[in-house]
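Each chain is listed here by its residues.
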Amino acid sequence: NVEGNRVVAFYLQKRDQDKVSLFGDVSPFDVLGFHGGFEFTSNHYPNSHPFGLVNSTSYYGLQNDRDYSPSVGFLYSPLEWLKFFGDYNWDRYNWRLNMNNSTGVLAQGKDTVNTFSLGSDMDIIKNVLGFRIQYTFSEALSEISNSAPAVDYPNTISTWHELLARFEYQINKNVALRVGYYFNALKGKNYGVDIMQQWMGFASSPGDSANSLLSQQRSIFLGDQLGGPFTAHVGFIALRLKF
C-alpha cells in the first residue's frame, strides 16, 4: 500500500493468542445422549505496524480478534439399526482494525453464523450395508462499522444449504466402499461495492446529494465470483480404509 511518497508494508510482527476448549457429553438413557462444547480464541497483535504508533495511541493494521463457538447436539437410537442425530453451532467472530495511518480511523467487524444439522444413520444390512442422510442449514451475517470520517459498510447476509445421501458397503473390517450424492446451495446479499481506487469505483454515503451520486463511479469487480450465489450437484465414489 502506498501512502504519499512512502510504502507501508502489511505484515504481522507478533501475535499473542489465548485459546480455551471445553467439551462434554451425557447419556441419561441408553438410547439418548447429549453433547456440547465451547471454544474461545483471542488474538492480540501488539506490533502490527512496522513504523510504530499512529497518533501515539495505537498501531496501524489489525489490532485484535476474538472467536466464540458454542455447540450442542443429540444422538437418539430407538432401534439397534437406526440412529438420529442433530447439532446446533453458533459462531461469533469480532475484529478491530486501524485502517488509516494518517487519521487513525478504526473499523470493527462482527460475523455471526447459526448452523443446524439433522440426519440419520441406518444399518440396512448389519455390518455390511449402511445408509446416511443428512441436511445442514447455515445463515451468516457480517457487520462492519467504521469511526468518523469513514462510513459503515452495508451488512452481508448469506445462507447455505447442504444435503448428503450416502451408501457405505463394508467389503471387510478395514475396507469400505462409499457411493453418495451432495447438494449445495449458497444465496447471499452482498452489495459488492469496493472503494479501492483506481481499481474500483466510489462508494456512496447515506447523506450524499443527488449531484454527488451522479458524479460517483459505481462499479463491481466482475472477476470476484467467490461470494456469488450458486447451486452444485456432486456425485462421488470413495474407498475408505481403516488401519
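For the structure itself, consult the block above.
Since the structure is predicted, the reported quantities are computational estimates derived from the model, not experimental observations.

1. Focus: the overall build of the chain
Counting its regular elements, the chain contains 1 helix and 13 strands. Across the chain, helices and strands are ordered from the amino to the carboxyl terminus as β-β-β-β-β-β-β-β-β-β-β-β-α-β. A buried classification covers 23% of the 243 residues belonging to the chain. Nonlocal contacts in the chain, meaning residues at least 24 apart in sequence, comprise 57% of its contacts between residues at least 6 apart. Working note: accessible area of the chain is about 16,200 Å², and carbon and sulfur atoms make up 58% of it.

2. Observations regarding the packing of aromatic side chains
The tally for this structure, following the rule as stated, stands at 5 aromatic pairs. Taking 5.1 Å as the distance between ring centres and 40 degrees as the angle between the ring planes, the aromatic pair formed by Phe-40 and Tyr-68 counts as tilted. A residue pair is termed long-range when its members are at least 10 positions apart, and Phe-40 in strand β4 (residues 32-44) and Tyr-68 in strand β7 (residues 61-79) qualify at 28 residues. Look at Tyr-68 and you get partly exposed, because its relative accessible area is 29%. Pairing Trp-160 with Phe-230 gives two aromatic rings, centres 6.2 Å apart and planes at 65 degrees, and the pair type is edge-to-face. Pair noted here: Trp-160 is in strand β11 (residues 153-172) and Phe-230 is in strand β13 (residues 230-241), with a separation of 70 residues, a long-range link. On the accessibility criterion, Phe-230 (37% relative accessible area) is partly exposed.

3. Let's talk about the side chain of Ser-77
Tracing the backbone through its elements, the reader meets Ser-77 in strand β7. Under the relative-accessibility criterion, Ser-77 is labelled buried at 19%. For Ser-77, the residues in contact, after removing those within four places along its chain, are Val-31, Leu-82 and Lys-83.

Definitions and limits used
Residues numbered from 1 in each chain as written. Predicted model: local features only at pLDDT ≥ 70, side-chain atom pairs only at ≥ 80, totals over all residues. Heavy atoms only, no water. Helix = DSSP H or I, 4+ residues; strand = E, 2+ residues; numbered from the N terminus. Buried < 20%, exposed > 50% of the residue type's maximum accessible area, 1.4 Å probe, protein only. Contact = heavy atoms within 4.5 Å. Areas by Shrake-Rupley, 256 points an atom, 1.4 Å probe, with all protein chains shown as cover. Phe/Tyr/Trp six-rings, centres within 6.5 Å; stacked < 30°, edge-to-face > 60°.

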